[in-house]
Amino acid sequence: MSKNLINQEKDIIEFLYVFNEGRQKRLIHPEAPQDFFYFYQRLKQKAPSTTFIELEELHSKTIFLKILKIIEKIIIKFLKLPFYGHKLLSLQNLQYMRRSKHLVLTNETIGYSMLFIVKYLRRSNPDLKVTMFIMGLFQESNLKSSIRRLLLNFLLQEYDKFIFLGESEYEYACINKNLFSEKYHYLTFAIDNDYWVSKSTSDKKDTILFVGNDVNRDYQFLKKITNELTNYKFTIVSNRFSSNELNSNVDLINSDWKSATLTDSQLKNIYQKAKISLIPTKNTLQPSGQSVGLQCISMKIPLIVSESKGFWGRGVLENSKDIFILQNDANIWKKVISNLMEDENLHTDVIQNAYLKFQKNYDYEFTFEQFIKIIE
């Protein structure tokens, strides 16, 4: 961890964020958007002692960490649960954890990885508070195994507050795990709307865009669409494809958020040239594509998304008016894609409607104030 990012004093840390890999390299670029930092920058302005740690390969030679790494590999292999505590247990990280009043765990991977570490920390600091962001914790696969259910219950019992970023998952948890419902809070997902702004440009908008790598996207369906619409140009930003499996009408940019091989500025330029954006997904409870979707709306790009249980715009974005929400039927998608690409009036109406809803319902600063109310 870079010394200039971490308070080296021995004082109390008000909030300690725990992230996956990739945050440190982005925080050194102040012009980068605040997406995927879960209000870290805003909170640090209010509480300057706020800081963070992230998962990293420690290459430790200690017996304890070697044994822990083996145990976690077994858990991952047989239970399919993300335990990576060995990537957090440096002496420096432990010092930060011991000095912290409130831990902010930013996803399920961090939540499971910190589970037994939090149990250990509370032996000396029983007043330690823990808040966890949730987006996919209550997947059906996590509830089928009795051991998985046991670990999930342990996690729900151990942590103090859970912030759901998907309304469908929040409602599901309130019904099916209502023993802990007083800990549950729903928070609208929001992006940095000061950064994702469409600039005035002469660039021709003629590409169909797909951005994403998460497991809940339907990559085979996307491939089918690109194969059958060879008269249109596609840009795919993903590491889920190889160039030899796609037709010549597809420009593949192999990238993911963690590696940052594509900068936010470069992604913004790609958005600038897109006429429409596709988010085909599987029918899961976990929201998929909401960050890309909101970035696109903010950049005034119409969306076509899959109908799913976890659709993130439910109750806000209206089908066929602000957005197109479709069953994964290639013929239906091809017809709507063609209409949006060829009918300028339809294209303009849809994105203007969506943008108005976006400004009213997905303001980053307002969502941050709601977050503050939850953690306080």
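As a starting point, this report considers the structure included with it. (Residues numbered from 1 in each chain as written. Predicted model: local features only at pLDDT ≥ 70, side-chain atom pairs only at ≥ 80, totals over all residues. Heavy atoms only, no water.)

1. Here we look at unusual backbone geometry
Stated formally: For helices the rule is a DSSP run of H or I covering at least 4 residues; for strands it is a run of E covering at least 2, with both sets numbered from the N terminus onward. Here's how the labels work: a residue is buried when its accessible area is under 20% of the maximum for its type, exposed when over 50%, partly exposed in between, all with a 1.4 Å probe on protein chains only.
Phi is positive for Tyr38, close to 55°, though the residue is something other than glycine. Relative to the elements of secondary structure, Tyr38 occurs in the loop between helix H1 (23-27) and helix H2 (40-46). By relative accessible area, Tyr38 is classed as buried at 15%. Residue Phe39 is not a glycine yet carries a positive backbone phi of 70°. Along the chain, Phe39 falls in the loop between H1 and H2.

2. As for empty space enclosed by the protein
Cut-off, in case you're wondering: Cavity: a set of points on a 1 Å grid over the protein atoms alone where a 1.4 Å probe fits but cannot get out. Pocket: an open set with protein on both sides within 12 Å along at least five of seven lines, its lining residues, like those of a cavity, having an atom within 4 Å of a point. Grid points are joined across faces, edges and corners, and a volume is the space filled by probe spheres set on the points. Ten residue types, Ala, Val, Leu, Ile, Met, Phe, Trp, Tyr, Cys and Pro, are classed as nonpolar, four, Asp, Glu, Lys and Arg, as charged, and the remainder, Gly among them, as polar.
By the definition in use, this model includes four cavities of 30 Å³ or more. There is about 110 Å³ of room inside the largest cavity. A per-class count over the lining of the largest cavity returns 10 nonpolar, three polar and one charged. Within this model, the second largest cavity holds a volume of roughly 80 Å³. In this structure, the second largest cavity is lined by Leu165, Gly166, Glu167, Tyr186, Thr188, Phe189, Gln290, Leu294, Phe311, Trp312, Arg314 and Tyr362.

3. Describing a nonpolar patch on the surface
Filter applied, for reference: Every patch collects residues that have over 30% relative accessible area and no salt bridge, joining them within 9 Å if they carry like charges and within 5 Å if they are nonpolar side chains (Val, Leu, Ile, Met, Phe, Trp, Tyr). Shrake-Rupley sampling with a 1.4 Å probe provides the accessible areas, and residues are treated as covered by the protein chains on show and by no other component. Within this document, salt bridges are pairs made up of a side-chain nitrogen of Lys or Arg and a carboxyl oxygen of Asp or Glu, the two lying within 4 Å of each other.
Residues Ile63, Ile67 and Ile71 make up a contiguous nonpolar surface patch of about 290 Å² in total accessible area. By secondary structure assignment, the location of Ile63 is in helix H3 (residues 63-79). Take Ile63: its relative accessible area is 59%, and that puts it in the exposed class.

4. Some remarks on the packing of helix H12 (residues 290-298) against helix H14 (residues 344-361)
Angle between the axes and distance between the axes are the two parameters that describe a pair of packed helices. Condition: With axes taken as lines fitted to C-alpha atoms, and helix axes fitted only over the stretch in contact, angles between N-to-C directions fall between 0 and 180 degrees. We call two directions roughly parallel when the angle between them is under 35 degrees, roughly antiparallel when it is over 145, roughly perpendicular when it lies between 65 and 115, and oblique otherwise. For a crossing to be left-handed, the near helix must be turned anticlockwise from the far one by less than a right angle; the clockwise case is right-handed. Here a residue-residue contact requires only that any non-hydrogen atoms of the pair lie within 4.5 Å.
Their axes nearest at 9 Å, the elements H12 and H14 cross at an angle of 110°. With respect to their mutual orientation, H12 and H14 come out roughly perpendicular. Along this stretch, H12 crosses H14, giving a crossing that reads as left-handed. Where H12 approaches H14, its residues Leu294, Ile297 and Ser298 are matched on the opposing element by Ile351, Ala354, Tyr355 and Phe358. Residues of the contact of H12 with H14, tallied by class, amount to six nonpolar, one polar and no charged.

5. Let's talk about the packing of aromatic side chains
Working definition: an aromatic ring pair is given by the centre-to-centre distance plus the angle between the planes. Keep this limit in mind: Each Phe, Tyr or Trp ring, with Trp reduced to its six-membered ring, pairs with another whose centre is within 6.5 Å; inter-plane angles below 30 degrees give stacked pairs, above 60 give edge-to-face pairs, and intermediate values give tilted ones. Distance and angle both matter: a charge sits over a ring if NZ of Lys or CZ of Arg is within 6 Å of the ring centre and within 35 degrees of the ring normal.
Under the criterion given, the structure shown has 30 aromatic pairs. With a centroid separation of 5.9 Å and 25° between ring planes, the pair formed by Phe138 and Phe164 is classed as stacked. Of this pair, Phe138 sits in the loop between strand E4 (129-134) and helix H7 (141-144) while Phe164 is found in strand E5 (residues 161-164), placing the two residues 26 residues apart along the sequence. Accessibility assignment for this pair places Phe138 and Phe164 in one class, buried. Across from the ring centre of Tyr195, 4.5 Å away, lies the NZ or CZ of Lys268, which sits over that ring. Over the face of the ring belonging to Tyr355 we find Lys300, whose NZ or CZ atom lies 4.7 Å from the ring centre.

6. What about H12?
When you tally the buried positions in H12, you get nine out of nine residues, the bulk of the element. Of all the residues in H12, the buried ones are Gln290, Ser291, Val292, Gly293, Leu294, Gln295, Cys296, Ile297 and Ser298. Residues of H12 that are buried in the fold lie against strand E7 (207-211), helix H11 (264-272), strand E10 (274-279), strand E11 (303-306) and H14. Looking one or two residues past H12, Lys300 carries a phi angle of roughly 60°, positive in sign.

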